[in-house]
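The chain contents come next:
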Amino acid sequence: MPTLDIKGLTINAARRLLDEKEVSALELTQAYLDRIVSVEEDVHSFVSVTADIALEQANIADRMISEGVHGHLTGIPMQLKDNMSTKGVPTTCSSKMLEHFIPPYDAYVTEKLKDAGAILLGKGNLDEFAMGSSTENSALKVTHNPWDLEKVPGGSSGGPAAAVAASECVFSLGSDTGGSIRQPASLCGVVGMKPTYGLVSRFGLVAFASSLDQIGPITSDVEDSAVVLSHIAGHDQRDSTSLNIDVPDYSEGLVADLTGFKVGVPVEYFSEGIDSGVENSVRDAIKVLSDLGADIVETSLPHSAYALAVYYIIAPSEASANLSRYDGVKYGYSSDVAGSMWDALENTRQNGFGPEVKRRIMLGTYALSSGYYDAYYVKAQKVRTIIRNEFKEAFESFDVLAMPTAPTTAFDIGGKTGDPVQMYLNDIFTIPANIAGIPAISVSCGILDGLPVGLQFMAGALQEKKLFRAAYAYQQATNWHHIKANI
Amino acid sequence: MSKNDNITIEEVRHLALLTRINMSEEEIEQMRDEMSDILSSIEILSEVETDGIEPTGHSVDVHSVMREDISSDSIKLDEALANAPRQENSFIRVRAVLEE
């Protein structure tokens, strides 16, 4: 067998190798485990590596393949963000609070991917409880950007994005509450996709902000993104917000042509604070869309400017309620301080949570407290209505909107940790999609000083096919997604 | 020290009690500064005219979801207890709730 080169290997390419018996699932899995051993000391994208499980699943996958009863993901090695429950495998949320927590059940997405025969290599690092934009809030380790080890990978799904960028897995899953799939995908030069709210079940996803959280794929290219979404989308009665709709095959209808496609370019997403190199790269990318036949029209979404403020009321409010369950009694870290029940509870939460998590719990409790509830929480929900309606109206005229994913490329590790407000600005262009509940995707559209730039598309609710079509056509006409981190 | 005083030390101390986080005085002071800055950045919402606008709790229309009342298997006792920090005779052990 010739030496197996897994660098930048896509699901489709791996599928061909497996189907044509050029490589077995066991050999492919071992190649990724070897790759993890060789680069993980620099990247630190995994919280845990599940080598034994992976090799066992690979043997089963090989049997399925030889019996001809396999699907598109059978034998494909993957990672899952460590806030998705995996039965019998620690699920830490990169928090001291859950460092030794072993879930008694699988998340919906874990079940779906296991059933499809995908192989679990391990769990990806994140900002504690998915709160952050650099993965520096992880209580367990700091993940480094494979393009430049001095830079952050973005966050909160920094582990998954870095793992895909460093070819430590074929694909991973992230969760996106305000940009946590798309912003790290942008900073690591991979494809990150947030589906319509409700398309993917949140059952078994550790809750952060329940009206915003959504799981989605992080992959090497757009075709892979469509394949993974087709596997994880679908109705699940264990999530009461799960949409009961027929899920299409998102891989169908991907064509390298945008004739007649209407692309809106909202001026608010090219505002002050955006790096000029990023702006130029994204404007060049929009010219490519025009060359592919798309009608490009400048537009305006004036209330997008308020989305960040809405987010920093709604997300902490929901988080403060969701995280009240960590009491050190039923599971998780538990303080053994002497004293009463209250002493134990207060010390459990003091020692178990990191600074950003505490900040959001307190901010949310403040916004929900009597006297401030109307001024903050209800006000934010009303502005949310306006933002949502503004998008709805925009998608009456446009198939997709195009804009940057993040205002800058990857920044220095430690560069923004001292100023929460500066850190929050990383998500200024991604948050509006969560507030409106609409799907969005980030693809690489340039490299500045050795660091990738992200182009973002948004589409109307349940218009994932339009999103994939635009992003696919762009990748067919450009080469950025083929350029890999030199690690 | 933050330039803003949107929130007082006493309010932050009260929030620490409500959220049951045993913060040090130093942490409370730092939290006051950071929360003040965050609250300042949120103030721009007052520019938006929202009279007569209905609040949105969820971005999709969700209603109470009912299922048939059919019993099914749930996780077993030892699985449910496996993560409990303190246990005794198949129960989770807690500290005294009622104090003398």
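Here's what I pulled together on the structure shown here. In this text the structure is predicted, and so the values were computed from the model without any measurement.

Details of the overall build of chain A
Okay, step 1: Along its length, chain A carries 15 helices and 11 strands.
Okay, step 2: Taking 23 Å as the expected radius of gyration for a compact globule of 487 residues, we find that chain A reaches 21 Å, a close match to that expectation.
Okay, step 3: Evaluated residue by residue, chain A yields a buried proportion of 60% over its 487 residues.
Okay, step 4: Sequence separation of at least 24 residues holds for 76% of the intrachain contacts in chain A that already meet a minimum separation of 6.

Section: the overall build of chain B
Okay, step 1: Across its full length, chain B carries three helices and two strands.
Okay, step 2: Overall, chain B shows an N-to-C arrangement of helices and strands of α-α-α-β-β.
Okay, step 3: For a compact globule of 100 residues, the expected C-alpha radius of gyration is about 13 Å, and chain B comes in at 23 Å, more than 25% above that figure.
Okay, step 4: The principal-axis extent of the C-alpha atoms belonging to chain B is close to 55 × 45 × 25 Å.
Okay, step 5: For chain B, buried positions account for 16% of its 100 residues.
Okay, step 6: Considering only contacts in chain B between residues 6 or more positions apart, those separated by 24 or more positions represent 44%.

Quick look at unusual backbone geometry
Residues and elements named next belong to chain A.
Okay, step 1: The linkage connecting G155 with the following residue, S156, adopts the cis geometry, with an omega of 10°.
Okay, step 2: The backbone phi angle of S167 is positive, close to 55°, even though this residue is not glycine.
Okay, step 3: Looking at the secondary structure, you find S167 in the loop between α5 (158–165) and β4 (171–175).

As for the packing of helix α9 (residues 307–322) of chain A against helix α2 (residues 25–42) of chain B
Okay, step 1: Interhelical geometry of α9 of chain A versus α2 of chain B gives an angle of 130° and a closest axis separation of 9 Å. If you check the angle between α9 of chain A and α2 of chain B, you find them oblique. In this structure, α9 of chain A contributes A309, Y312 and I313 of chain A to the contact, and α2 of chain B contributes I38, S41 and I42 of chain B.
Okay, step 2: Its residues assigned to classes, the contact of α9 of chain A with α2 of chain B comprises five nonpolar, one polar and no charged.

So, the sheet that holds strand β6 (residues 215–219) of chain A
As a general point, the strands of a sheet are linked pairwise by backbone hydrogen bonds and lie either parallel or antiparallel.
All names here are of chain A.
Okay, step 1: The sheet built from 11 strands is open, its strands ordered β1-β3-β2-β4-β6-β5-β10-β11-β9-β7-β8 with mixed pairing. The open sheet has two edge strands with one neighbour each: β1 (46–49) and β8 (295–299). Sheet twist, expressed as the mean angle between neighbouring strand axes with direction ignored, is 30°.
Okay, step 2: Across three bridges, the pairing between strand β2 (residues 77–81) and β4 is parallel. Each bridged residue has a counterpart across the sheet, and for Q79 the counterpart in β4 is S172.
Okay, step 3: Along the sheet, helix α3 (residues 51–67) makes contact with β1, β2 and β3 (119–124), crossing β3 at roughly 155°.

Examining helix α11 (residues 355–368) of chain A
Okay, step 1: With 14 residues, α11 of chain A should reach 20 Å at 1.5 Å per residue; the first-to-last C-alpha distance of 20 Å fits that figure.
Okay, step 2: Of all 14 residues making up α11 of chain A, 12 are buried, and the element is well covered by its neighbours.
Okay, step 3: Taken as a whole, α11 of chain A has its buried residues at E356, V357, K358, R359, R360, I361, M362, L363, G364, T365, Y366 and A367 of chain A.
Okay, step 4: Check the buried side of α11 of chain A and you find it contacts α9, α12 (373–397) and α13 (420–424) of chain A together with α1 (9–18) and α2 of chain B.

Let's talk about the interface of chain B and chain A
Interface extent is often summarised as the accessible area lost during association of the parts.
Okay, step 1: Contacts between the two partners involve 42 residues from chain B, matched on the other side by 50 residues from chain A.
Okay, step 2: Listing elements by their share of the side of chain B that touches chain A, those giving two or more residues are α1, α2 and α3 (77–81) of chain B.
Okay, step 3: The element contributing the most residues to the side of chain B that touches chain A is α2 of chain B, with seven residues.

Things to note about the nonpolar core
Residue and element names in this part refer to chain A.
Okay, step 1: In this structure, M78, I119, V310, I313, V400, F457 and A471 are the most contacted members of the largest nonpolar core, which totals 158 residues.
Okay, step 2: Take this core: its biggest share by element is 10 residues, from α9.
Okay, step 3: Ignoring any residue separated from it by four or fewer positions in sequence, one finds V310 in contact with A380, V383, R384, I387 and I435.

Some details on the environment of S210 of chain A
Residues and elements named next belong to chain A.
Okay, step 1: Mapping S210 onto the fold places it in the loop between β5 (191–194) and β6.
Okay, step 2: Among the residues examined, S210 registers 18 C-beta atoms within 10 Å and is labelled partly exposed.
Okay, step 3: Distance from S210 to K392, taken between C-alpha atoms, is 22 Å for residues 182 residues apart in sequence.
Okay, step 4: Contacts of S210, omitting those with residues within four sequence positions, involve E318 and N322.

Overview of the pairing of β8 of chain A
Residue and element names in this part refer to chain A.
Okay, step 1: Where strand β7 (residues 262–266) lies against β8, five bridges are found, and the strand directions are parallel. Across the sheet, the residue bridging to K262 is D295, located in β8.
Okay, step 2: Handedness of the crossover is the feature at issue here: the chain leaves β7, passes through helix α8 (residues 276–291), returns alongside β8, and the resulting connection is right-handed.

Here's the deal with the pairing of strand β9 (residues 400–404) of chain A
Residue and element names in this part refer to chain A.
Okay, step 1: With respect to burial, β9 is a largely interior element, five of its five residues being buried.
Okay, step 2: As paired strands, β7 and β9 are joined by two bridges and run parallel to one another. Note that in β9 the partner of G264 across the bridge is L401.

Notes on helix α15 (residues 464–477) of chain A
All names here are of chain A.
Okay, step 1: Here α15 spans 20 Å end to end across 14 residues, near enough to the 20 Å set by a 1.5 Å rise per residue.
Okay, step 2: Burial analysis of α15 places 11 of its 14 residues in the buried class, the great majority of the element.
Okay, step 3: All of the buried residues in α15 are E464, K466, L467, F468, R469, A470, A471, Y472, A473, Y474 and Q475.
Okay, step 4: Buried residues along α15 sit against α7 (222–232), α8, β9, β10 (440–448) and β11 (451–459).

Considerations on the environment of D213 of chain A
All names here are of chain A.
Okay, step 1: Turning to its location among the elements, D213 is positioned in the loop between β5 and β6.
Okay, step 2: Taking the C-beta count within 10 Å as the criterion, D213 has 25 such neighbours and is therefore assigned buried.
Okay, step 3: C-alpha separation for the pair D213 and G178, spaced 35 residues apart in sequence, amounts to 8.0 Å.
Okay, step 4: Setting aside anything within four residues of it in sequence, one finds D213 in contact with S175, T177, R202, L205, A207 and F208.

Thresholds applied
Residues numbered from 1 in each chain as written. Chains lettered and ligands numbered in written order. Predicted model: local features only at pLDDT ≥ 70, side-chain atom pairs only at ≥ 80, totals over all residues. Helix = DSSP H or I, 4+ residues; strand = E, 2+ residues; numbered from the N terminus. Rg over C-alpha atoms; globule rule 2.2 N^0.38 Å. Buried ≥ 20, exposed ≤ 12 C-beta atoms within 10 Å, placed from the backbone. Contact = placed C-beta atoms within 7 Å. Axes fitted to C-alpha atoms, helices over the stretch in contact; angles between N-to-C directions. Parallel < 35°, antiparallel > 145°, perpendicular 65-115°, else oblique. Nonpolar A, V, L, I, M, F, W, Y, C, P; charged D, E, K, R; others polar. Pairing = 2+ DSSP bridges. Expected span 1.5 Å × (residues − 1). Core = buried A, V, L, I, M, F, W, Y, C linked by C-beta atoms within 7 Å. Right-handed = clockwise from strand over helix to strand, strands pointing away.

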